[in-house]
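Report on the structure
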Amino acid sequence: MPTSSASTTDSARSAGGGVQSLERAFDLLERMADAGGEVGLSELSASSGLPLPTIHRLMRTLVACGYVRQQPNRRYALGPRLIRLGESAARLLGTWARPYLARLVEETGETANMALLDGDEIVYVAQVPSKHSMRMFTEVGRRVLPHSTGVGKALLAGFPDDEVRALLARTGMPAATDKTIITPDGFLAALAEVRRAGYAVDDNEQEIGVRCLAVPVPDSPTPAAISISGPAGRVTEPATERIVPVLRQVAVELSQALTSPGPAAQGGL
């Protein structure tokens, strides 16, 4: 049966409305994450510019699906079903990063890592080991506090000082070695140096005998950093001058890969 032009127009309008609702729903979820995971409808309306009835309709759908839950105080919080999605995405992120980390190993000779900021902790999501017999291993999935790591410094250098102080107050600053920075003022001074230099150094601060160089992945969908780590006798100052430009270039290329919509989105499904 031929399709009338009116029904075709209605179908297109319906499809467009569905896409718009999907975009708006994801935008609200991201705004909730930016606000710490819990917000009120009026806050979402003010930040998004959407009318309250539209937000209420979208939130009802997200609640019904388990991606948002309504708290006893009537505010809305990110729901538990997002945890499974986030864990799966983090595993895939590590998979996508491995070819770039392998290139770092080829060009620097040292173990390459990728880490994310998850809440107040650093979690390692990918690693490619060095080919040297003496090499550094960081177990994928390992969680550490950011103040004693190069990747932690690289990530927190992008945050305002007051937010960094609040994080340090929550986590404390235990010493992993006698080189670990254990005061907020000392750590903020180190972050200022990271911003000036454009890269972070862990100089025997997480483990004696190990140096780490790290840079953030620019425009990453979630705060991420890549690093190389190796014996302090190999990761020297002259080696640093050679390695940092490679780290920066690989971080840019990884960023482009992560933010690209991919061939399906570019060329149609």
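Scroll up to find the structure this text is about.
From a predicted model like this one, the values you see are computed outputs, not experimental measurements. (Residues numbered from 1 in each chain as written. Predicted model: local features only at pLDDT ≥ 70, side-chain atom pairs only at ≥ 80, totals over all residues. Heavy atoms only, no water.)

Before going further, it helps to examine the sheet that holds strand β2 (residues 68–70). Spatial ordering of the open sheet is given by β1-β3-β2, a layout of three strands whose pairing is antiparallel. Only two strands of the sheet have a single neighbouring strand rather than two, namely β1 (38–39) and β2. Taken strand by strand, helix α3 (residues 52–65) contacts β2 and β3 (76–78), and its axis lies near 105 degrees from that of β2. (Pairing = 2+ DSSP bridges. Helix = DSSP H or I, 4+ residues; strand = E, 2+ residues; numbered from the N terminus. Contact = heavy atoms within 4.5 Å. Axes fitted to C-alpha atoms, helices over the stretch in contact; angles between N-to-C directions.)

Counting through the fold element by element, Asn-204 comes out in the loop between β7 (200–203) and β8 (210–216). Judged by its relative accessible area of 13%, Asn-204 is buried. Sequence separation between Asn-204 and Thr-149 is 55 residues; the distance between their C-alpha atoms is 9.4 Å. When sequence neighbours within four positions are dropped, the list of residues in contact with Asn-204 reads Thr-177, Lys-179, Gly-209, Val-210, Arg-211 and Ala-232. Within the local environment of Asn-204, its side chain forms a polar contact with the backbone nitrogen of Gly-209, the two atoms lying 2.6 Å apart. (Buried < 20%, exposed > 50% of the residue type's maximum accessible area, 1.4 Å probe, protein only. Polar contact = N/O pair within 3.5 Å; in protein donor to acceptor, adjacent residues only side chain to side chain.)

Before going further, it helps to examine the side chain of Ser-255. With respect to the helices and strands, Ser-255 occurs in helix α8 (residues 237–259). Reaching out from Ser-255, the side chain makes a polar contact with the backbone oxygen of Pro-218 at a distance of 2.4 Å. Look past the residues within four positions of Ser-255 in its chain and what remains in contact with it is Val-217, Pro-218 and Asp-219.

Right, let's talk about the packing of helix α2 (residues 41–48) against α3 for a bit. Packed helix pairs are specified by the crossing angle of their axes together with the interaxial distance, meaning the distance between the axes. It is at 9 Å that the axes of α2 and α3 come closest, and there the two elements cross at 115 degrees. Classified by chirality, the crossing of α3 by α2 is right-handed. Contacts between α2 and α3 involve Leu-41, Ser-42, Leu-44, Ser-45 and Ser-48 from the first element and Leu-52, Ile-55, His-56 and Met-59 from the second. Its residues assigned to classes, the contact of α2 with α3 shows five nonpolar, four polar and no charged. (Left-handed = near helix turned anticlockwise from the far one by under 90°. Nonpolar A, V, L, I, M, F, W, Y, C, P; charged D, E, K, R; others polar.)

This next bit is on the sheet that holds strand β4 (residues 111–118). Read from one edge of the open sheet, six strands run β6-β5-β4-β9-β8-β7, paired in antiparallel fashion. Only two strands of the sheet have a single partner each, and these edge strands are β6 (143–144) and β7. Summarising the sheet, strand β5 (residues 121–128) and β6 pair through two bridges and their orientation is antiparallel. Bridge pairing in β6 links Val-123 to Arg-143. Packing of α8 onto the sheet brings it into contact with β4, β8 and β9 (224–231), and relative to β8 it is tilted by some 40 degrees.

According to the stated counting rule, one finds 16 salt bridges in the structure shown. A salt bridge links Asp-27 to Arg-31, with the nearest nitrogen and oxygen atoms 2.7 Å apart. One end of the pair, Asp-27, and the other, Arg-31, are both in helix α1 (residues 5–34), four residues apart, so they sit about a helical turn from each other. By relative accessible area, which is 28% here, Arg-31 ends up partly exposed. With a closest N to O distance of 2.5 Å, Arg-165 and Asp-185 form a salt bridge. Note that Arg-165 is positioned in helix α6 (residues 161–171) and Asp-185 in helix α7 (residues 184–197), a separation of 20 residues in sequence. Sharing partners across several salt bridges, the network here consists of Glu-38, Glu-43 and Arg-75. (Salt bridge = Lys/Arg side-chain N within 4 Å of Asp/Glu carboxyl O.)

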